[in-house]
Amino acid sequence: MSTYVIGAVWVGPQDTNVFPALAGASFNDANSWHTFSVPGPTDDVFLDTSTSLDPRGDGIPSYITLGSYTYPTFLPPAKFVPAQDASINHLYTGSGYFDIDLDGQELEVAADLFVGISLKNAHIEVRGGGVLTVADNIYVQSGQGPLALPKSILDVHGPGTLLKATNPGTPTSSTVTVGAIGESDFIVRDGAAFTSEGRLYGGLTSQIIFRNGAIVHINDFIFVNDTLLIEGPTTQVTTTQQLNLINNDLSTPTLTEASVTIRDGASLFTGSAGSGTNSSGVLGHRTGTTGTVNVVENGEWTQNGLLSVGFQGNANLYVNSYGRVQSLDAAVGRIAGASGFVEVKTSGTWEVDRDLSVGGLPTAVGGTGEVKVESIVIGDDMKIWNTGTVTLDGGSIIAQTIEAVPGSTFDVLSGELTVDNFIGSLTLSGGTLSPGQSPGTTSVSQNFVIDNANSTVLIELASNGNTPGSDFDKVSVQGNADLDGQLELVLISGYVPTLGDSFNVITANSITGS
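Residues numbered from 1 in each chain as written. Predicted model: local features only at pLDDT ≥ 70, side-chain atom pairs only at ≥ 80, totals over all residues. Heavy atoms only, no water.

1. Comments concerning the overall build of the protein
Then, number 1: Within the protein one finds zero helices and 54 strands.
Then, number 2: Look at the contacts in the protein between residues 6 or more apart in sequence, and 62% of them connect residues 24 or more apart.
Then, number 3: Accessible surface computed for the protein: about 19300 Å², of which carbon and sulfur atoms make up 49%. (Helix = DSSP H or I, 4+ residues; strand = E, 2+ residues; numbered from the N terminus. Contact = heavy atoms within 4.5 Å. Areas by Shrake-Rupley, 256 points an atom, 1.4 Å probe, with all protein chains shown as cover.)

Here is the structure:
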């Protein structure tokens with residue numbers, strides 16, 4: 001095995017028929033050519049413009065092309081691109097700015113790709129519509145390079161450009177690691193694609209950015225300990241396992257805050273494979289940390305599993321400006337000591353296909369949880385523990401069953417509540433109660449109180465039959481009803497009432513008020 005240390009330009013065979021003098025690999029310093037042996041699949045290439053082999057002496061920028069090309073009719077300086085695939089062993093970059101133009105070809109790195117090795121800062125651009133395949137691990141890390149670049153960056157961009165990390169890793173290791181040492185960025189943008197068979201780990205000073213039509217697939221976890229930005233339009237990110245904020249599985253220094261933003265029409269899908277608790281999103285994993293996710297401006301996040309907003313630490317989920325979140329199940333403030341906060345507003349929506357638990361899991365009380373919503377649809381049940389608070393202030397809540405245990409808080413300030421079964425006492429301090437599912441029934445297990453004259457019970461009438469929930473809406477209160485609001489009647493299904501039609505729309509042990 002040989003190690004090639006070069007300062008700039010080009011690695012790979014040249015066209016000996018056109019320019020025999022340049023046979024073998026070479027680089028150009030804008031004035032003359034330098035030749036050396038051609039690196040092969042077992043050879044390492046180390047790129048560092050701070051070495052004595054930097055022919056230009058300026059350290060910027062350095063164009064690297066691996067493969068073969070046809071010599072152009074004009075003389076150097078020129079930036080060349082490959083005409084055939086190429087393979088090397090390791091690809092190391094030290095200090096400097098490097099542009100890898102794949103030109104539709106494939107470069108295979110049989111071992112590791114290091115961006116910023118030996119505590120130096122490097123900036124690599126990968127482009128040109130080809131494929132860069134890394135068979136082992138990818139590291140993006142920074143130090144104190146002599147070129148004083150502020151950080152290391154791996155930037156993959158352009159239509160048809162694909163970065164492939166094919167190492168599946170292990171349950172305790174990451175295939176792609178960004179910012180475990182020093183401030184570092186990993187960017188996929190402008191129609192480029194990135195796939196990884198192993199986990200993607202963002203360290204304590206990392207920015208991971210997928211934008212402007214990027215297509216990303218991770219066949220493992222995504223760990224975010226600093227910043228993940230997913231922005232459109234048409235950017236799509238999928239992972240078969242969970243999104244996790246914060247989990248310092250690489251023994252990094254104490255981490256406190258991490259954030260994910262999904263916006264501008266971009267989408268994220270997270271799975272639950274490999275999770276013993278069927279989790280597809282864990283925000284605020286570790287005690288003392290805070291994880292925040294913002295889904296805004298037509299961004300979408302879909303989870304095929306349990307979303308925990310506050311697992312052991314603290315977490316926030318903000319959904320607004322037409323953002324959309326869809327969860328299979330969700331727990332806000334999952335474990336004792338955790339704290340979770342969810343806010344859905346400004347035309348944002350949150351859909352929970354099955355169960356939502358606030359202040360714990362459905363089967364056990366946990367930490368503190370608060371949900372403030374303008375729009376949420378729950379496929380099955382919502383349980384609010386005595387450490388939980390849910391506030392409806394505009395928009396709607398739709399659920400089959402809501403259970404508010406003693407000591408919990410469930411406030412309806414404005415908007416519309418649609419629920420089949422409410423376990424506990426229900427108070428309207430504003431907004432509207434719309435029973436059942438057009439028409440349907442709402443059953444309240446304890447007392448029903450309307451304490452605001454502007455609150456409304458909306459009753460739909462479909463026919464003059466005698467069957468509540470089929471012919472007309474009904475509120476059935478097992479305790480007492482104290483009514484100080486308005487009754488709104490709506491005719492549906494073409495029903496036209498006639499004189500003498502009557503409906504028993506609210507029943508209770510006792511009814512007071514009007």
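2. Overview of the packing of aromatic side chains
Then, number 1: A full pass over the atoms with the stated rule returns nine aromatic pairs.
Then, number 2: On the basis of an interplanar angle of 90 degrees and a centroid distance of 6.1 Å, the ring pair of phenylalanine 186 and phenylalanine 210 is categorised as edge-to-face. A residue pair is termed long-range when its members are at least 10 positions apart, and phenylalanine 186 in strand 18 (residues 184-189) and phenylalanine 210 in strand 21 (residues 206-211) qualify at 24 residues.
Then, number 3: One aromatic cluster is present, formed by Phe186, Phe194 and Phe210 through successive ring pairs. (Phe/Tyr/Trp six-rings, centres within 6.5 Å; stacked < 30°, edge-to-face > 60°.)

3. Considerations on the nonpolar core
Taken as a class, soluble globular proteins show a tendency for nonpolar side chains to be buried jointly.
Then, number 1: Formed by 96 residues in total, the largest nonpolar core has its most connected members in Phe186, Phe210, Trp301, Trp350 and Phe410.
Then, number 2: Top element by residues in this core is strand 43 (residues 388-404). It accounts for six residues.
Then, number 3: When near neighbours in sequence (up to four residues on either side) are disregarded, phenylalanine 210 contacts Phe186, Val188, Phe194, Leu200, Val216, Leu228, Leu229, Ile230, Glu231, Thr235 and Val237. (Core = buried A, V, L, I, M, F, W, Y, C linked by side-chain atoms within 4.5 Å. Buried < 20%, exposed > 50% of the residue type's maximum accessible area, 1.4 Å probe, protein only.)

4. Remarks on the side chain of serine 272
Then, number 1: Considering the arrangement of structural elements, one finds serine 272 in the loop between strand 28 (267-270) and strand 29 (279-283).
Then, number 2: We classify serine 272 as buried; its relative accessible area is 12%.
Then, number 3: Within the structure, the side chain of serine 272 is placed 2.9 Å from the side chain of asparagine 278, a separation counted as a polar contact. (Polar contact = N/O pair within 3.5 Å; in protein donor to acceptor, adjacent residues only side chain to side chain.)

5. Remarks on unusual backbone geometry
Then, number 1: Put simply, glycine 232 and proline 233 share a cis peptide bond, and its omega is 5 degrees.
Then, number 2: With respect to the helices and strands, the residue proline 233 is situated in the loop between strand 24 (227-231) and strand 25 (236-239).
Then, number 3: Residue leucine 245 is joined to isoleucine 246 through a cis peptide bond whose omega torsion reads -15 degrees.
Then, number 4: Although it is not a glycine, aspartate 190 sits at a positive phi angle of roughly 55 degrees.
Then, number 5: Looking at the element boundaries, aspartate 190 is found in the loop between strand 18 and strand 19 (193-196).
Then, number 6: For aspartate 190, a relative accessible area of 27% puts it in the partly exposed group.
Then, number 7: Even without a glycine there, the phi angle at asparagine 278 is positive, about 60 degrees.
Then, number 8: For asparagine 278, the location among the structural elements is in the loop between strand 28 and strand 29.
Then, number 9: Asparagine 278 gets classed as partly exposed once you look at its relative accessible area, which sits at 30%.

6. Structural notes on the pairing of strand 50 (residues 474-477)
Then, number 1: As paired strands, strand 47 (residues 441-444) and strand 50 are joined by four bridges and run parallel to one another. Paired with valine 444 across the bridge in strand 50 is valine 477. (Pairing = 2+ DSSP bridges.)

7. Re the pattern of salt bridges
Then, number 1: The final tally for this structure, using the stated rule, is twelve salt bridges.
Then, number 2: In this structure, the salt-bridge partner of lysine 345 is glutamate 343, at a minimum N-O distance of 3.8 Å.
Then, number 3: Relative accessible area serves as the criterion here: at 33%, lysine 345 is assigned to the partly exposed category.
Then, number 4: In this structure glutamate 343 comes out as buried when scored by relative accessible area, which is 18%. (Salt bridge = Lys/Arg side-chain N within 4 Å of Asp/Glu carboxyl O.)

8. Things to note about the pairing of strand 28
Then, number 1: Alternating positions in strand 28 separate cleanly, Leu268 and Thr270 being buried on one face and Ser267 and Phe269 remaining unburied on the opposite face.
Then, number 2: In this sheet, strand 28 lies alongside strand 25 in parallel orientation, the contact comprising four bridges. Bridged to threonine 238 within strand 28 is phenylalanine 269.
Then, number 3: Looking at chain direction, strand 28 and strand 31 (residues 300-303) are connected through four bridges and run parallel. Within strand 31, the residue paired with threonine 270 across the bridge is glutamine 303.

9. Remarks on the environment of tyrosine 201
Then, number 1: Assignment of secondary structure puts tyrosine 201 in strand 20 (residues 200-202).
Then, number 2: Here the alpha-carbon distance between tyrosine 201 and serine 174, two residues 27 residues apart in the chain, equals 6.2 Å.

10. Remarks on the environment of asparagine 316
Then, number 1: Considering the arrangement of structural elements, one finds asparagine 316 in strand 33 (residues 314-320).
Then, number 2: On the basis of relative accessible area, asparagine 316 is assigned to the buried category, the value being 18%.
Then, number 3: A sequence separation of 33 residues divides asparagine 316 from leucine 283, and the C-alpha atoms of the two residues are 7.7 Å apart.
Then, number 4: Every residue in contact with asparagine 316, bar those within four places of it in the chain, is listed here: Leu283, Thr290, Gly291, Thr292, Val293, Val309 and Phe341.
Then, number 5: Here the side chain of asparagine 316 touches threonine 292 through a polar contact of 3.2 Å, side chain to side chain.

11. Observations concerning the confidence of the model for the protein
Then, number 1: Per-chain confidence: the protein averages 83 in pLDDT, with 80% of residues scoring 70 or above.
Then, number 2: The model gives residues 49-84 a pLDDT under 50, and that stretch makes 109 contacts with residues more than four places away or in other chains. (pLDDT = per-residue confidence, 0-100.)

12. Considerations on the environment of glycine 169
Then, number 1: Within the element layout of this structure, glycine 169 appears in the loop between strand 16 (162-165) and strand 17 (176-178).
Then, number 2: A sequence separation of 30 residues divides glycine 169 from arginine 199, and the C-alpha atoms of the two residues are 7.3 Å apart.

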